[in-house]
Structure formats: C-alpha cells, structure tokens
Amino acid sequence: MDRPLVALVLAGGTGTRLYPASRSDRPKQFLSFDGEQSLLEATVSRADFADHVVVATRPEFADEIPSHAPDADVLTEPVAKDTGPALVYATHRIAAEYDDPVILVLPSDHHVGDGFSDAMQRGARVAHETNSLVAFGVEPSRPDTGYGYIEPGTSYGTHRDLAAFHEKPDAETASRYVESGYLWNAGMFAWTPDALLTAARDSPLEPLVDALDAGTPTAGFEAVTETSIDYAVMERVENAAVVPVSFAWDDLGAWDALTRVLPTDADGNVVLGDDPIVVDSADNVVATDGTNVSLVGVSDLAVVAWDDRVLVIPKAEAQRVREAVSRLKGRGDF
C-alpha cells in the first residue's frame, strides 16, 4: 500500500462499567490490569506497525496522554459527544495533516491476541483498494449478549460485504447469531478520509463536516447530538465491508471480562491487587488498589474496592454497573 497508515486510538471515554476503578477523573484507558502497561500504552504499543499513531481524547484527559503514549500525536476534540463526532473530527484533522492516509481506528480498551497486526494491515488494504468503510468482525468464541454483531454478506476473499449491524441481543438471539455465522462488532475500523467524510455528509453528522470545512469545529460540535459512529454512519452507508478476524479478542468493558483475560486461582477466582482473604469462595473477581478484602462462602461475584468506594455485583450482571454510575452522576459523585 503506497500511502501512509495512521492508527487513530480512541481514548476519550471514561469506562463507567469499570467503576470504581474508573472514575470521571481516572478513565479506564489509564488503568493497568497486568501491573505493567496501561490499556492505552498496550494499544499504542501494538499499533507499532503503523506509520503514525494519533491519540484522540477529550480536553480534561489530554495532559496525561504523553505519559502513556510519548511518541504519539494528540488530538483533543472540543466536546465529548461519543464516537460519531469524535471520529469525524479526528479524520478531518488527520486528512489535513498527513499525506493521503488510510486511517485505522482502534479503541484503547481491548485485549487482543496473536495475528492482530496482520489482520489490521489487511483491513487497511481493503479500505485503500475499495474506498469503502471497513469494519473488523471478530469470529465469536461464544454467544455473548454484551456485544453487537455484524451480519456478513458476499465474500470477496479478503473481505465480505457488510450486510447489517445488529444491536446487543438477548441470550437466545445471541446463540442464533453465532450459529448463523455472524461476527462480533469489535468497534475497530479502517477507512480513507474521503470515504468517511463523504458518508458523514449524508448523515446526521453533516453539520459537523460543514463546520470543519469552514474552520469552526466548536460550532460543528454544538450543531450535532451525541451519537456513535455505528448509528450515525456505519448503519446507513451502502459502501461498507467487513474483514473477518480470528485473533483472540475481548472488550475490557466490565469486571466480568477479567475472568477471560487474567489467570485464575485453583477455585476460579481472579485477583487484581493485594492478596485478599478468600475462604470457601469460587469464580469471583476481586480487584483492589490496596484495601484488604475478604470473601467468605460466596461465588460468581465481582468485588471491587478502589479509593473510598466499594462495588459488589454478580458477575452475570456486570453490565448493570452503569445503573449505579448513572445515579452517582446525578448527584455529582462520579
């Protein structure tokens, strides 16, 4: 591919489902779950095959980015309004600052296995050759109700048509999706600036594109509502493709995910932080930043003690942490 590849790392979210380790002033991309690299550091490190790395974030996090990604360029979006406005803004800026690039979009909170770089470069080539918006679809290892799904269409060898996106399903529907060959929507994309901005001009994000062309980004953000790139653009565009990938992948979005990516003890417990007291307890996630935690006779829980906060939730309901966070935000305590 005879054009530069720019890895665009998204690091503007807070990660509400990893509360209380993740807070409004300590987003999850700055957390470490292996004692070595933060999630952001790990993402930037595995993007080393790209010609350039750009980290997109919100103003309140911008000053901390260099300590995690010292060699990356930093883009600060005027206002946090989800991935739709963020990616249109970042793509427009990258198009102006780099010479005819292909952009690879990488969230900063994923766990990936071997084969990642080859798959990403394959998807970038598809974006270059077809000028389509490319999504990466992970081959599911299980039915999962926590992920959206991609329905693939006609195969062209390196990629397939993207027939449809499907929202997070219930358990029965998730099983049917997996049996039908649907793919997990990993939230990773590849595109040329022309492809994305053309599609965005025919979407609810058109006012933002017009404002960016006019040099008034703040006005553009004010003119659009908070929306995801999936809903605003990807679900509407006709020229979209999916590149199936088979590497191990997990979205580290909630506490139950740690059971899939970290070692367990003999009873299936995952421990992050100081050694807890665990008596007659199995299949729990225990995470702490120093507070001693004791578990007796319990199973299938996530028990998290961070700062002066404690969270206890069944692992199977880990997605519901956002309900507690919503109440905390309502009283200005997140």
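What counts, and at which threshold
Residues numbered from 1 in each chain as written. Predicted model: local features only at pLDDT ≥ 70, side-chain atom pairs only at ≥ 80, totals over all residues. Heavy atoms only, no water. Helix = DSSP H or I, 4+ residues; strand = E, 2+ residues; numbered from the N terminus. Rg over C-alpha atoms; globule rule 2.2 N^0.38 Å. Buried < 20%, exposed > 50% of the residue type's maximum accessible area, 1.4 Å probe, protein only. Contact = heavy atoms within 4.5 Å. Areas by Shrake-Rupley, 256 points an atom, 1.4 Å probe, with all protein chains shown as cover. Polar contact = N/O pair within 3.5 Å; in protein donor to acceptor, adjacent residues only side chain to side chain. Core = buried A, V, L, I, M, F, W, Y, C linked by side-chain atoms within 4.5 Å. Pairing = 2+ DSSP bridges. Axes fitted to C-alpha atoms, helices over the stretch in contact; angles between N-to-C directions. Parallel < 35°, antiparallel > 145°, perpendicular 65-115°, else oblique. Left-handed = near helix turned anticlockwise from the far one by under 90°. Nonpolar A, V, L, I, M, F, W, Y, C, P; charged D, E, K, R; others polar. Salt bridge = Lys/Arg side-chain N within 4 Å of Asp/Glu carboxyl O. Phe/Tyr/Trp six-rings, centres within 6.5 Å; stacked < 30°, edge-to-face > 60°. Patch = residues over 30% accessible without salt bridge, like charges linked within 9 Å, V, L, I, M, F, W, Y side chains within 5 Å.

Chemist: What is the right way to read the overall build of the chain from this model?
Modeler: Along the chain, the regular secondary structure elements total 11 helices and 17 strands. Over its C-alpha atoms the chain spans a radius of gyration of 20 Å, differing by no more than 12% from the 20 Å that the globule rule assigns to 334 residues. Overall, the chain is about 60 × 45 × 35 Å in size when its C-alpha atoms are taken along their principal axes. Burial status across the chain gives 53% buried among its 334 residues. Once local pairs closer than 6 in sequence are excluded, the contacts in the chain between residues at least 24 apart make up 65%. When the accessible surface of the chain is totalled, it reaches about 14,700 Å², and 44% of it is carbon and sulfur.

Chemist: For this particular structure, what's the right way to read the side chain of Ser-132?
Modeler: Its place among the elements puts Ser-132 in the loop between helix H4 (116-130) and strand S6 (133-138). There is a polar contact of 2.5 Å between the side chain of Ser-132 and the side chain of Thr-130. Among all residues touching Ser-132, those that are not within four sequence positions of it are Val-126, Ala-127, Ala-190, Trp-191, Ala-195, Asn-239, Ala-240 and Ala-241.

Chemist: Please explain the nonpolar core as it appears in this structure.
Modeler: In a soluble, globular protein the nonpolar side chains are often hidden away together inside. Ranked by size, the top nonpolar core spans 43 residues in total, and within it Val-55, Met-120, Met-188, Phe-247 and Trp-249 carry the most contacts. With six residues, the single largest contributor to this core is H4. Discounting residues that sit within four places of it in the chain, Met-188 has contacts with Val-105, Leu-106, Pro-107, His-110, Phe-116, Met-120, Val-134, Ala-135, Phe-136, Phe-247 and Trp-249. Membership of the second largest hydrophobic core comes to 39 residues, among which are Tyr-98, Leu-162, Leu-196 and Leu-212.

Chemist: What's the story with the pairing of strand S7 (residues 149-155) in this structure? I'm lost.
Modeler: If a strand is regular, its side chains alternate between the two faces of the sheet. As judged from the five bridges shared by S7 and strand S8 (residues 160-166), these two strands associate in the antiparallel manner. When the sheet's bridge partners are listed, Ser-155 is paired in S8 with Arg-160. Here S7 hands over to S8 after four residues, with Gly-157 in that stretch at a positive phi of 90 degrees. The pairing of S7 with strand S9 (residues 183-191) spans two bridges and is classified as antiparallel. Paired with Tyr-149 across the two strands is Trp-184, which belongs to S9.

Chemist: I'm lost on the packing of helix H3 (residues 83-97) against helix H6 (residues 193-200) in this one. Help?
Modeler: Helix-helix packing is described using two parameters, namely the angle between the two axes and the distance between the axes. One can describe the packing of H3 onto H6 by two numbers: an axis separation of 10 Å at closest approach and a directional angle of 135 degrees. Taken together, the axes of H3 and H6 are oblique relative to one another. H6 is crossed by H3, and the crossing has left-handed handedness. Where H3 abuts H6, its residues Leu-87, Val-88, Thr-91, His-92 and Ala-95 lie against Pro-193, Leu-196, Leu-197 and Ala-200. Considering only residue class, the contact of H3 with H6 consists of seven nonpolar, two polar and no charged.

Chemist: What's the story with the pattern of salt bridges in this structure? I'm lost.
Modeler: Close approach of charged atoms allows side chains with opposite charge to pair. Within the structure shown, the criterion is met by 16 salt bridges. Here Asp-100 makes a salt bridge to Arg-3, at a shortest N to O gap of 2.7 Å. Remark: Arg-3 occurs in the segment before strand S1 (5-10) and Asp-100 occurs in the loop between H3 and strand S4 (102-107); sequence separation between them is 97 residues. Given a relative accessible area of 47%, Asp-100 falls into the partly exposed group. Connected via shared salt-bridge partners are Arg-142, Asp-144, Asp-250, Asp-256 and Arg-260.

Chemist: Would you explain the packing of aromatic side chains in this entry?
Modeler: Note on aromatic pairs: each is described by the distance of the centres and the angle between the planes. Overall, the coordinates contain 12 aromatic pairs when judged by the stated rule. Ring centres of Phe-30 and Phe-61 lie 6.2 Å apart, and the angle between their planes is 80 degrees; on these two criteria the pair is classed as edge-to-face. With a gap of 31 residues between them, Phe-30 in the loop between S1 and helix H1 (39-46) and Phe-61 in the loop between strand S2 (52-57) and helix H2 (65-68) connect regions that are remote in the sequence. Judged by relative accessible area, which is 11%, Phe-30 ranks as buried.

Chemist: What's the story with a nonpolar patch on the surface in this structure? I'm lost.
Modeler: Taken together, the side chains of Ile-277, Val-279 and Val-296 present a nonpolar region at the surface, about 260 Å² in accessible area. Here Val-279 lies in strand S13 (residues 277-279).

Chemist: How do you make sense of the sheet that holds strand S12 (residues 270-272) when you look at a structure like this?
Modeler: Within a beta sheet, neighbouring strands are joined by backbone hydrogen bonds and run either parallel or antiparallel to one another. A sheet is described by the order of its strands in space; here four strands give the open sequence S12-S14-S16-S17, paired in mixed fashion. Lying at the two open borders of the sheet, with one neighbouring strand each, are S12 and strand S17 (309-314). Averaged over all pairs of adjacent strands, the angle between their axes in this sheet comes to 5 degrees, without regard to strand direction.

Chemist: What am I meant to see in the environment of Ser-203 here?
Modeler: Tracing the sequence through the fold places Ser-203 in the loop between H6 and helix H7 (206-213). Take Ser-203: its relative accessible area is 11%, and that puts it in the buried class. For the pair Ser-203 and Ile-150, spaced 53 residues apart in the sequence, the C-alpha separation amounts to 20 Å. When neighbours within four sequence positions are excluded, Ser-203 is seen to be in contact with Ala-232, Val-233 and Arg-236.

Chemist: It is not clear to me how the environment of Pro-276 should be interpreted in this structure. Could you clarify?
Modeler: Structurally, the position occupied by Pro-276 is in the loop between S12 and S13. Beyond its immediate stretch of four places on either side in the chain, Pro-276 contacts Val-271, Val-286 and Val-293.

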